[in-house]
Amino acid sequence: MKIIDNCIPVKQQDLIINELLKTKLFPWFYCDDITYQSNKSSQHRPALSHYFFKDKKENSIYSKLASSIVAPFTNEPIIQSRAFLQFPLNLKLIGLKVDSPHIDFNSPHTVYLYYVIDADGDTILFKNSKIIKKVTPKKGRLLIFNGKIWHTAQQPQKGIRCIINSDV
């Protein structure tokens, strides 16, 4: 596991913020539950998402935003890359403080989790159902970890949480 602050130049960080959050052109898509998995029921944590890469293929005209984050650290192809935009939720109504722990794929992979902006809503990593690390979202921060590590996110309470999650 590795945490790299300012993993890309500040100018590039600002470009990503501008494209994802400041223009009205970026295509966000509604997602019923941010970590919904077909074998589990929904926890009703809606968000917006955007696939940059899917099944090792570019899926968006914005795919270079995601690949520019990963490229300085690996030559391996991106299997899947998605942006997520979460909004504050009334957790008292939902009854949950964290999303369900999950892994993105069963096959071996590495997760590159890029934090677009400062936010609340830590990423939580687990080993044998015990928390081993909490990482706070910070603009320009990259969290790299083995994809077999179960992880989740706390729901933001104070503002939006925006990430780019790439699996390599």
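Presented here is an overview of the structure given in this document.

With that settled, consider the pattern of salt bridges. All told, the structure shown has four salt bridges when counted by the stated rule. Of the charged contacts, one joins Arg141 and Asp5 as a salt bridge, the two residues approaching to 2.6 Å between their closest N and O atoms. Taken together, the residues Arg141 in the loop between strand 8 (130–135) and strand 9 (142–146) and Asp5 in the loop between strand 1 (2–4) and helix 1 (10–22) connect sequence positions 136 residues apart. For Asp5, a relative accessible area of 35% gives the class partly exposed. For Lys139, the salt bridge is made with Asp14, and the minimal N-O distance between the two is 2.5 Å. Residue Lys139 is located in the loop between strand 8 and strand 9, and its partner Asp14 is located in helix 1; the two are separated by 125 residues in the primary sequence. For Lys139, a relative accessible area of 25% translates into the label partly exposed. You can call Asp14 partly exposed: its relative accessible area is 36%. Among the ionic contacts, a cluster of salt bridges with common partners joins Asp5, Lys138 and Arg141.

Reading the values: rules and limits
- Residues numbered from 1 in each chain as written.
- Predicted model: local features only at pLDDT ≥ 70, side-chain atom pairs only at ≥ 80, totals over all residues.
- Heavy atoms only, no water.
- Salt bridge = Lys/Arg side-chain N within 4 Å of Asp/Glu carboxyl O.
- Helix = DSSP H or I, 4+ residues; strand = E, 2+ residues; numbered from the N terminus.
- Buried < 20%, exposed > 50% of the residue type's maximum accessible area, 1.4 Å probe, protein only.

Remember that the coordinates give geometry; whether it matters functionally is a separate question.
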